[in-house]
Amino acid sequence: MTRFPLIAGNWKMFKTVAEATAYLATFRGLVAEVTGVDIVLAPPFTALHALAAAAHGTRIGVAAQDLYWEREGAYTGEVSAAMIREAGASHVIIGHSERRTLFGETDATVNRKTVAALAAGLTPIVCIGETLDQRERDETLAVLDRQISQGLDGMKADEILRLVLAYEPVWAIGTGRNATPAQAGEAHAHIRQRLREWFGAEAAERSRILYGGSVKPDNVASLLAQPDVDGGLVGGASLDPKAFAEIVARSRA
Ligand code: PGA
């Protein structure tokens, strides 16, 4: 079946409120005529509300880059799913490899965050992917199995249908070295097969699996040509509105 492509831009810790709204003023014009692809931008928390307000009425959705699973409480520095939703976001990135390696996130925290996001009506974009060491030791598929089975532990098929997975090989993130279409295709086919076994055919066929890791205007079409690659999670190249609009334009169904 055809899955509608999704292109998400992860700005990481880049862009002030002023920079985010200036970006949107340019970007919305560049994608105004583009159809056949969903678009999401993930700014830092501080720019979430302003960007969502500026994107209101456009086809551009807004995502947070993280959340905390409790609804409210004494959790200094944390932001809840309901707060993110109220700020105008529709999506939230969960378990990005930078959160896992720099901030101690685990498959167990990914699981709690995903449950909380779904309960608040946000669409989680759950990130999985192997390190270079793991790939060289031929552990890629086993790592993906662990991240899916533990990160999505306890979920029902209807919850899987409401989330997005992002396969991001850690060695491809920010390195300029993207996975080849064949490498991405193999990992994505494996992920979809596991979704089929663990959550059923409908969840597997309808869930979108994004590829992330050095996606650029000149490689996005060949990556998305893989039958199980349903879109992209784009870091560096999403910071420039022209480059990101180019990626969006080349991703259409
Ligand atoms: P990159 O980042 O496109 O800069 O490699 C991707 C990501 O971290 O999501």
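In this report, the structure presented in the accompanying data block is examined. (Residues numbered from 1 in each chain as written. Predicted model: local features only at pLDDT ≥ 70, side-chain atom pairs only at ≥ 80, totals over all residues. Heavy atoms only, no water.)

Okay, the overall build of the protein chain next. On a plain count of helices and strands, the protein chain comes out with twelve helices and eight strands. Radius of gyration (C-alpha) of the protein chain: 17 Å, near the 18 Å computed for a compact globule of 253 residues. Over its C-alpha atoms, taken along the principal directions, the protein chain stretches across nearly 45 × 45 × 35 Å. Sorting the 253 residues of the protein chain into buried and exposed places 52% on the buried side. Residue pairs at least 24 apart in sequence account for 72% of intrachain contacts in the protein chain once pairs closer than 6 positions are excluded. Looking at charge distribution, the protein chain has the averaged site of its 26 positive side-chain charges lying 4 Å from that of its 30 negative ones. (Helix = DSSP H or I, 4+ residues; strand = E, 2+ residues; numbered from the N terminus. Rg over C-alpha atoms; globule rule 2.2 N^0.38 Å. Buried < 20%, exposed > 50% of the residue type's maximum accessible area, 1.4 Å probe, protein only. Contact = heavy atoms within 4.5 Å. Lys, Arg positive; Asp, Glu negative; His and termini not counted. Charge placed at Lys NZ, Arg CZ, Asp CG, Glu CD.)

For helix α12 (residues 241–249), the full list of buried residues reads Pro-241, Ala-243, Phe-244, Ala-245, Ile-247 and Val-248. Next to the buried residues of α12 lie β1 (6–10), α1 (17–30), β2 (38–42), α11 (220–224) and β8 (231–234).

So, on to the pairing of strand β4 (residues 91–94). Of the two faces of β4, the one lined by His-91 and Ile-93 and the one lined by Val-92 and Ile-94 are each fully buried. The sheet contact formed by strand β3 (residues 60–64) and β4 spans two bridges and is parallel. Each bridged residue has a counterpart across the sheet, and for Ala-64 the counterpart in β4 is Val-92. Crossover connection from β3 via helix α3 (residues 81–86) to parallel β4: handedness right-handed. In terms of strand pairing, β4 meets strand β5 (residues 123–128) through four bridges, oriented parallel. Opposite His-91, over in β5, you have Thr-123 as the bridge partner. (Pairing = 2+ DSSP bridges. Right-handed = clockwise from strand over helix to strand, strands pointing away.)

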